[in-house]
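Structural features, examined
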Amino acid sequence: MDIGSNIRTIRKSKNLSIGQICEKTGLSQGFMSQVENNKTSPSIATLDSIADALQVPLAFLLLKKDERMHIIRKDERRKTIYGKENFQVEHLSDRGNVKMMLVEMPPGASTEEAHAHAGEEIHYVIQGTVYVEQGDVSATLHAGDAFSWKACFPHFAKNVGDEPAIVLISMHREASI
């Protein structure tokens, strides 16, 4: 665990000096330096005091690097093409079993046939007109409309408008055992 680096990163992001933390906690600057350099392991009570001084929950200091917030800038997004209809897919974020994508469907494009896979999906239509179908339920959705479904049941989507449809999709997949 890299608690010291977490403390340093949070302290610097809040523009606080080691001295200011020491004033709030009563700890010595030498001890704080050792903590930030991972040369000593503070007690839970000491970590709680440091967390209070940084104004963050204690648990936040204990997060592993891959558990912290991850930022993907617009120009860093992974982009792929999906299916024969060439859906443009921008992968916005991927965290554990949850992923979010921005999908652009050309006019007339569809998922070709009903398909199914593990998980659940939530869709938000940003632009265009999309027809969706799952079992005996179907709907035509417009910009601002949203829908969700269990993806393990066959589902189908088609852009029925004259312009590209842009849909924000959030997917949750069950963890693999």
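First, a word on scope: everything that follows refers to the structure included in this document. (Residues numbered from 1 in each chain as written. Predicted model: local features only at pLDDT ≥ 70, side-chain atom pairs only at ≥ 80, totals over all residues. Heavy atoms only, no water.)

1. Structural notes on the pairing of strand S9 (residues 165-172)
Where strand S3 (residues 98-105) and S9 come together, 8 bridges link them in antiparallel fashion. Paired with Val98 across the bridge in S9 is His172. With 7 bridges joining them, strand S4 (residues 120-127) and S9 adopt antiparallel strand pairing. The partner of Tyr124 across the bridge, within S9, is Leu168. (Pairing = 2+ DSSP bridges. Helix = DSSP H or I, 4+ residues; strand = E, 2+ residues; numbered from the N terminus.)

2. Comments concerning the sheet that holds strand S1 (residues 78-82)
Spatial ordering of the open sheet is given by S1-S2-S3-S9-S4-S7, a layout of 6 strands whose pairing is antiparallel. Two strands lie at the open edges of the sheet, namely S1 and strand S7 (146-150), each paired on one side alone. Taken pair by pair, the neighbouring strands of this sheet meet at an average axis angle of 25 degrees, ignoring direction. Pairing of S4 with S7, which is carried by 5 bridges, proceeds in the antiparallel orientation. Looking at the pairing, His123 lines up with Phe147 of S7. (Axes fitted to C-alpha atoms, helices over the stretch in contact; angles between N-to-C directions.)

3. Digging into the sheet that holds strand S6 (residues 137-142)
In space, the 3 strands of this open sheet follow the order S6-S5-S8, with antiparallel pairing throughout. Looking along the sheet, the strands with just one partner apiece sit at the ends: S6 and strand S8 (155-159). This sheet shows a mean twist of 15 degrees between the axes of neighbouring strands, independent of strand direction. The pairing of strand S5 (residues 129-134) with S8 spans 5 bridges and is antiparallel. Across the sheet, Val130 pairs through a bridge with Asn159, a residue of S8.

4. So, the nonpolar core
Counting 17 residues, the largest nonpolar core has Phe87, Met101, Val103, Met105, Val130, Val132 and Ile169 as its most contacted members. Broken down by element, the residue count for this core peaks at 4 residues, all from S9. Other than its neighbours up to four places away in sequence, Val132 contacts Val137, Ser138, Ala139, Leu141, Phe147, Trp149, Phe156 and Ala157. Counting residues in hydrophobic clusters, the runner-up holds 15 residues, among them Ile3, Ile10, Leu16 and Ile50. (Core = buried A, V, L, I, M, F, W, Y, C linked by side-chain atoms within 4.5 Å. Buried < 20%, exposed > 50% of the residue type's maximum accessible area, 1.4 Å probe, protein only. Contact = heavy atoms within 4.5 Å.)

5. Details of the pattern of salt bridges
Tallied over the full model, the rule gives 4 salt bridges. Residue Glu36 is joined to Arg11 by a salt bridge in which the shortest nitrogen-to-oxygen separation is 2.6 Å. Placement of Glu36 in helix H3 (residues 29-36) and of Arg11 in helix H1 (residues 3-13) is noted, with a sequence separation of 25 residues between them. Taking relative accessible area as the criterion, Glu36 reaches 2% and is therefore assigned buried. (Salt bridge = Lys/Arg side-chain N within 4 Å of Asp/Glu carboxyl O.)

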